[in-house]
Amino acid sequence: MAVLGVAFFMGWGMGANDAANSMATSVGARILTLRRAMLLLAIFAIAGAVLQGGYVMHTVGEKIVFFENENAAENIALAENISLPAGAKPTPFTLVPIAALGAILAAAIWVIVATRLGLPVSTSHSIVGAVMGAGFALMFIGPPALAGAGVQIGYSKFVQIAFSWIITPIGAIAFAYLIYHASNRPLRRVKNIALLNTIYSTLVIITASFMAYSFGANDVGNAAGVVVAACPGADKQLLGLFGGVAIACGAILYSQRVIDTIGKRITVLAPATAFAAQFGAALTVYIFTMLAIPVSTSHAAVGGVIGAGLVRGTSAVSGRRVRWISLAWVFTPLITMAISFGLAMLLTGV
Amino acid sequence: MELWKVAFLAVIFTGLVIGWVFGPLLGLVVIVVVLVLIEAFPFRKSRPKASKKKLRP
């Protein structure tokens with residue numbers, strides 16, 4: 001229950017920080033009001049979380065930290081009277097759920113601190129770093145009972161995820177740039193300016209909803225993945241609903257500040273560029289969701305905005321702001337790894 | 001806090017409870033349908049009735 005409570009807190013933090021990525025371009029371009037943006041976000045993020053959130057939950061919960069010897073792990077679970085649903089495999093966090101609590105708490109603390117500072121940091125970076133930190137704590141100085149099953153860190157999976165973190169902003173930049181040029185050519189033939197703006201505004205709303213869906217499907221795994229690790233066999237759709245509701249709450253109550261940072265301060269967006277930015281970002285996140293990889297919607301959104309901003313030349317993009325955000329991205333997994341390692345040690349009493 | 005935020009949160013949490021009891025897909029449907037209805041038919045303040053008192057010259 002404690003893990004579930006902190007997962008909700010984490011989801012709330014994601015909603016406050018990352019939900020802005022889905023709607024910032026639309027609100028920044030004054031196509032949607034904050035209220036309507038939050039309505040679309042709540043509907044589509046929860047839908048994405050329920051319908052396709054299970055992919056990333058599986059990766060975060062069961063692919064980053066796991067047991068080398070699953071049979072030995074099942075015997076340890078039996079010896080400790082931990083009942084598992086049929087077919088469910090225990091993870092190190094199933095046997096030491098307090099470490100899962102430390103991991104998700106570490107990620108949540110950092111996301112909330114970053115949100116207070118107005119930085120659109122990645123919850124994906126935060127949670128992957130935190131899960132690895134707790135995994136290291138269990139592997140090196142964890143309870144002796146786990147030693148028989150061999151706690152393992154999925155280094156190859158981590159490399160795959162880290163590589164996707166590099167690809168995400170680059171992909172979003174490229175998609176946004178290409179989408180802008182591909183859509184601009186046929187739409188330039190429309191001579192009626194009012195009609196053109198209506199077309200672009202409709203496209204922006206559709207792609208913002210797609211982005212919210214992709215965001216829900218990808219990022220809910222960050223909040224609920226650790227719950228899956230602690231309680232293998234849990235209903236992933238129900239966890240998706242739980243995580244989606246947490247995200248929607250955070251977005252409704254606390255996301256205005258980051259919306260401001262992304263939508264207005266990095267580069268000012270017209271409807272045409274907002275559409276390209278949004279669609280490029282949404283497409284990138286959705287592709288990685290289908291690959292079950294937790295990527296940063298912050299990376300994708302900022303990449304999309306930069307890609308669209310590049311259409312007007314590099315001077316349209318605020319370099320100082322982008323550098324500051326990039327630094328926060330790089331240090332996020334390291335910071336959460338350290339916090340989580342410390343918390344896991346503290347909570348397990350090592 | 002604005003009224004729309006309170007309304008959205010109430011709908012979302014009701015959907016969560018329904019999803020918990022009757023299944024997550026039903027919870028999702030309830031959230032979507034009720035939020036769309038709220039936006040389609042927003043609550044409006046009733047107009048104040050015109051005063052019967054005559055205005056002073």
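Quick caveat, the model's predicted, so the values are computed rather than measured.

1. As for the overall build of chain B
- Scanning chain B from terminus to terminus reveals two helices and zero strands.
- Burial status across chain B gives 30% buried among its 57 residues.
- Accessible surface, chain B as shown: approximately 4700 Å² in total, 69% of it carbon and sulfur.

2. Notes on the pattern of salt bridges
- In total, this model carries three salt bridges over all chains according to the counting rule given.
- Of the charged contacts in the structure, one is a salt bridge between Arg36 of chain A and Glu39 of chain B, with a shortest N-O distance of 2.8 Å. A residue pair is termed interchain when its members come from two chains, as with Arg36 of chain A in helix α3 (residues 34-52) and Glu39 of chain B in helix α2 (residues 24-40).
- Take Glu39 of chain B: its relative accessible area is 14%, and that puts it in the buried class.
- The salt bridge partner of Glu2 of chain B is Lys5 of chain B, with a shortest N-O separation of 3.5 Å.
- What emerges from the salt-bridge pattern is a single network uniting Arg35 and Arg36 of chain A together with Glu39 of chain B.

3. Some details on the interface of chain A and chain B
- In this complex, chain A contributes 23 residues to the contact, which on the side of chain B involves 21 residues.
- A buried area of about 2100 Å², summed over both sides, lies between chain A and chain B, and 84% of it is on carbon and sulfur atoms.
- Sorting the residues of chain A by area buried against chain B places Arg35, Leu39 and Ile252 of chain A first, and these three jointly supply 30% of that buried surface.
- At the junction of chain A and chain B, the tally comes to two salt bridges.

4. With respect to the layout of surface pockets
Residues and elements named next belong to chain A.
- In this structure, the largest pocket occupies an estimated 220 Å³ of space.
- Lining the largest pocket are 14 residues, with Leu4, Val227, Cys231, Ala234 and Leu239 sitting closest to its centre.
- Every element with two or more residues in the lining of the largest pocket is listed here: α1 (2-17), α10 (193-230) and α11 (236-254).
- Residues belonging to the lining of the largest pocket are distributed by class as follows: 13 nonpolar, no polar and one charged.

5. Comments concerning the nonpolar core
- Judged by nonpolar contacts, the single largest core of 103 residues is most densely connected at Ile46, Phe93, Ile127 and Val245 of chain A.
- Not counting the four nearest positions on each side in its chain, Phe93 of chain A is found in contact with Val65, Ala99, Ala100, Val131, Ala134, Gly135, Leu138, Ala229 and Ala230 of chain A.

6. Notes on a nonpolar patch on the surface
All names here are of chain B.
- A surface patch of nonpolar side chains, amounting to about 1000 Å² of accessible area, comprises Val17, Trp20, Val21, Phe22, Leu26, Val29, Val33, Val34, Leu37 and Phe41.
- Those elements that place two or more of their residues in the nonpolar patch are α1 (3-22) and α2.
- Tallying contributions element by element places α2 first for the nonpolar patch, with five residues.
- For Val33, a relative accessible area of 44% puts it in the partly exposed group.

7. Description of the environment of Ala103 of chain A
All names here are of chain A.
- In this fold, Ala103 is placed in helix α7 (residues 97-116).
- Sequence spacing of Ala103 and His58 is 45 residues, and the spatial spacing of their C-alpha atoms is 16 Å.
- Residues in contact with Ala103, not counting those within four places in the same chain, are Ala130, Val131, Ala134 and Ser340.

8. Digging into the confidence of the model for chain B
- Averaged over every residue, the pLDDT of chain B is 82; residues scoring 70 or more account for 72%.
- Confidence metrics for the complex model read pTM 0.85 and ipTM 0.81.

9. Description of unusual backbone geometry
Residues and elements named next belong to chain A.
- Positive phi, normally seen in glycine, also occurs at Ala292, with a value near 60°.
- Summarising the element assignment, Ala292 is placed in the loop between α13 (271-290) and α14 (297-310).
- You can call Ala292 buried: its relative accessible area is 16%.

10. As for the packing of aromatic side chains
Residue and element names in this part refer to chain A.
- Applying the stated rule across the entire model yields 13 aromatic pairs over all chains.
- Taking 5.6 Å as the distance between ring centres and 55° as the angle between the ring planes, the aromatic pair formed by Phe210 and Tyr286 counts as tilted. Of the two residues, Phe210 sits in helix α10 while Tyr286 sits in helix α13, which places them 76 residues apart along the sequence.

11. Re the side chain of Lys157 of chain A
Residue and element names in this part refer to chain A.
- Residue position: Lys157 is located in helix α9 (residues 155-187).
- One buried charged residue, Lys157, remains without a salt bridge, the closest side chain of opposite sign being Glu62 at 11 Å.
- Sequence-distant contacts of Lys157, defined by excluding residues within four places in its chain, comprise Thr59 and Lys63.

12. Section: the packing of α9 of chain A against α10 of chain A
Residues and elements named next belong to chain A.
- One way to put it is that α9 packs onto α10 with a least axis distance of 12 Å and a crossing angle of 150°. Looking at the two axes, α9 sits roughly antiparallel to α10. Crossing of α9 over α10 shows right-handed handedness. Judged by residue contacts, Ser183, Asn184 and Leu187 of α9 engage Leu196, Ile199, Tyr200 and Leu203 from α10.
- Among the residues making up the contact of α9 with α10, the classes are represented as five nonpolar, two polar and no charged.

The rules we used
Residues numbered from 1 in each chain as written. Chains lettered and ligands numbered in written order. Predicted model: local features only at pLDDT ≥ 70, side-chain atom pairs only at ≥ 80, totals over all residues. Heavy atoms only, no water. Helix = DSSP H or I, 4+ residues; strand = E, 2+ residues; numbered from the N terminus. Buried < 20%, exposed > 50% of the residue type's maximum accessible area, 1.4 Å probe, protein only. Areas by Shrake-Rupley, 256 points an atom, 1.4 Å probe, with all protein chains shown as cover. Salt bridge = Lys/Arg side-chain N within 4 Å of Asp/Glu carboxyl O. Contact = heavy atoms within 4.5 Å. Buried area = accessible area lost by both parts, 1.4 Å probe. 1 Å grid on protein atoms, 1.4 Å probe; cavity = no way out; pocket = protein on both sides within 12 Å on 5 of 7 lines; lining within 4 Å. Points joined across faces, edges and corners; volume = space filled by probe spheres on them. Nonpolar A, V, L, I, M, F, W, Y, C, P; charged D, E, K, R; others polar. Core = buried A, V, L, I, M, F, W, Y, C linked by side-chain atoms within 4.5 Å. Patch = residues over 30% accessible without salt bridge, like charges linked within 9 Å, V, L, I, M, F, W, Y side chains within 5 Å. pLDDT = per-residue confidence, 0-100. Phe/Tyr/Trp six-rings, centres within 6.5 Å; stacked < 30°, edge-to-face > 60°. Lys, Arg positive; Asp, Glu negative; His and termini not counted. Axes fitted to C-alpha atoms, helices over the stretch in contact; angles between N-to-C directions. Parallel < 35°, antiparallel > 145°, perpendicular 65-115°, else oblique. Left-handed = near helix turned anticlockwise from the far one by under 90°.

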